[in-house]
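Overview (structure and organization)
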Amino acid sequence: WSKLQSSSLSRQQQLEDALLRLGQFHEALVELMRWMKECSETLLERKEPGVNIQDIEQQMSDLQVLQSEIVSHELTVSSLNEAGRKLVSGSHDDTTAAEIQKEVDEMNNEWHSLKSLTSDKQVTLSTALERARVFHADLKELVDKFNRAEELATIMCYPHCLPDTCQRDIDEHAEYMIIVQGLKDPMNIIKSEGEGLKS
């Protein structure tokens, strides 16, 4: 009787320990899944990078914070995988073991999806930042050319249409118009690039 009683108590303790581990496992798993889904939704809801360099840099900074949080959760994912493996291997109920394994698989799928989303967002923002920098550099160069053209117009002599200066005035204006017309295509290209970056 004593041996039977001792065996029963030991069995009860093992069951209670297993239930405790299972409860802690589920609690940690639910919390991790909630956090991962919130992060994924945030990444999917964030606005397009646009053309403002400061806005893109801020988005990249926010993403770096999220990446740091992901790194800090790697140990949690690893621990839950190990705990899940032990619970599955130690379970005498095939249904319970299958349910635990399913939850572990869902966790891992969500984890890989989150890391993939983060990686894609990093590429998107890095590309957008480079494009925005090139765009603003080209825009500044074009604006400088416009300013130089305006300055040239102000220093050009007003045409008096005198016989001895008329040809010179015509030649100067022809040269000026070549400069002005040369700005049309770059202006249209910049406008097109700007629209493309905004869309």
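Scroll up to find the structure.
First, a word on what this report is: a plain description of the structure on this page. The model shown is predicted, which means the values in this text are computed figures rather than measured ones.

**A short note on the overall build of the protein**
Broken down by element type, the protein carries six helices and zero strands. Going from N to C terminus, the protein has its helices and strands arranged as α-α-α-α-α-α. A burial count over the protein gives 23% of its 199 residues as buried. For the protein, contacts bridging at least 24 residues in sequence account for 80% of all contacts bridging at least 6. Of the accessible surface of the protein, which amounts to about 13,900 Å², a share of 56% is contributed by carbon and sulfur atoms.

**Digging into helix α2 (residues 53-72)**
Helix length check: α2, at 20 residues, gives a terminal C-alpha distance of 29 Å against a target of 28 Å (1.5 Å per residue), a fit within 8%. If you check which residues of α2 are buried, you get I53, I56, Q59, M60, L63, L66 and I70. Projection of α2 onto a plane perpendicular to its axis shows the buried side chains occupying an angular sector of 140°, all on one side. Where α2 starts, the residue carrying a side-chain oxygen 2.9 Å from the main-chain nitrogen of Q54 turns out to be N52.

**Observations regarding the nonpolar core**
When a protein is soluble and globular, its nonpolar side chains tend to lie buried together. Counting 26 residues, the largest nonpolar core has F25, L32, W35, M36, I56, M107 and L114 as the members making the most contacts within it. Elements with a contribution of two residues or more to this core: α1 (2-45), α2, α3 (74-90) and α4 (94-155). It is α4 that contributes the most residues to this core, nine residues altogether. The residues contacting F25, other than those within four sequence positions of it, are L80, A83, G84, L87, I100, E103 and V104. One finds F135, L142, L183 and I190 within the second-largest nonpolar core, a separate group that totals five residues.

**A word on the pattern of salt bridges**
Inspection of every chain in the model, using the stated rule, returns eight salt bridges. In this structure, R34 engages E38 in a salt bridge whose closest nitrogen and oxygen atoms are separated by 2.7 Å. In this pair, R34 and E38 are both assigned in helix α1, four residues apart and thus about one turn of the helix distant. Across the pair D144 and K140 runs a salt bridge, and its minimum N-O distance is 3.2 Å. Of this pair, D144 and K140 both sit in helix α4, four residues apart, which is roughly one turn of the helix. Overall, the relative accessible area of 26% leaves D144 in the partly exposed class. Relative accessible area serves as the criterion here: at 53%, K140 is assigned to the exposed category. It is possible to trace a salt-bridge network through shared partners that takes in E31, R34 and E38.

**A few points about the side chain of T118**
By secondary structure assignment, the location of T118 is in helix α4. Note on T118: relative accessible area 4%, which makes it buried. Within the structure, T118 has its side chain in polar contact with the backbone oxygen of L114 (distance 2.8 Å). When residues no more than four places from it in sequence are discounted, the contact partners of T118 are L43, L63, Q67 and I70.

**Comments concerning the side chain of N108**
Tracing the backbone shows N108 in helix α4. With relative accessibility at 17%, the residue N108 sits in the buried group. A distance of 2.9 Å separates polar atoms of two side chains, one belonging to N108 and the other to N81. Ignoring anything within four residues of it in the chain, the contact list for N108 reads V77 and N81.

Reading guide: rules and limits
- Residues numbered from 1 in each chain as written.
- Predicted model: local features only at pLDDT ≥ 70, side-chain atom pairs only at ≥ 80, totals over all residues.
- Heavy atoms only, no water.
- Helix = DSSP H or I, 4+ residues; strand = E, 2+ residues; numbered from the N terminus.
- Buried < 20%, exposed > 50% of the residue type's maximum accessible area, 1.4 Å probe, protein only.
- Contact = heavy atoms within 4.5 Å.
- Areas by Shrake-Rupley, 256 points an atom, 1.4 Å probe, with all protein chains shown as cover.
- Expected span 1.5 Å × (residues − 1).
- Arc of directions from axis to C-beta.
- Polar contact = N/O pair within 3.5 Å; in protein donor to acceptor, adjacent residues only side chain to side chain.
- Core = buried A, V, L, I, M, F, W, Y, C linked by side-chain atoms within 4.5 Å.
- Salt bridge = Lys/Arg side-chain N within 4 Å of Asp/Glu carboxyl O.

So yeah, pure geometry; function would need other evidence.
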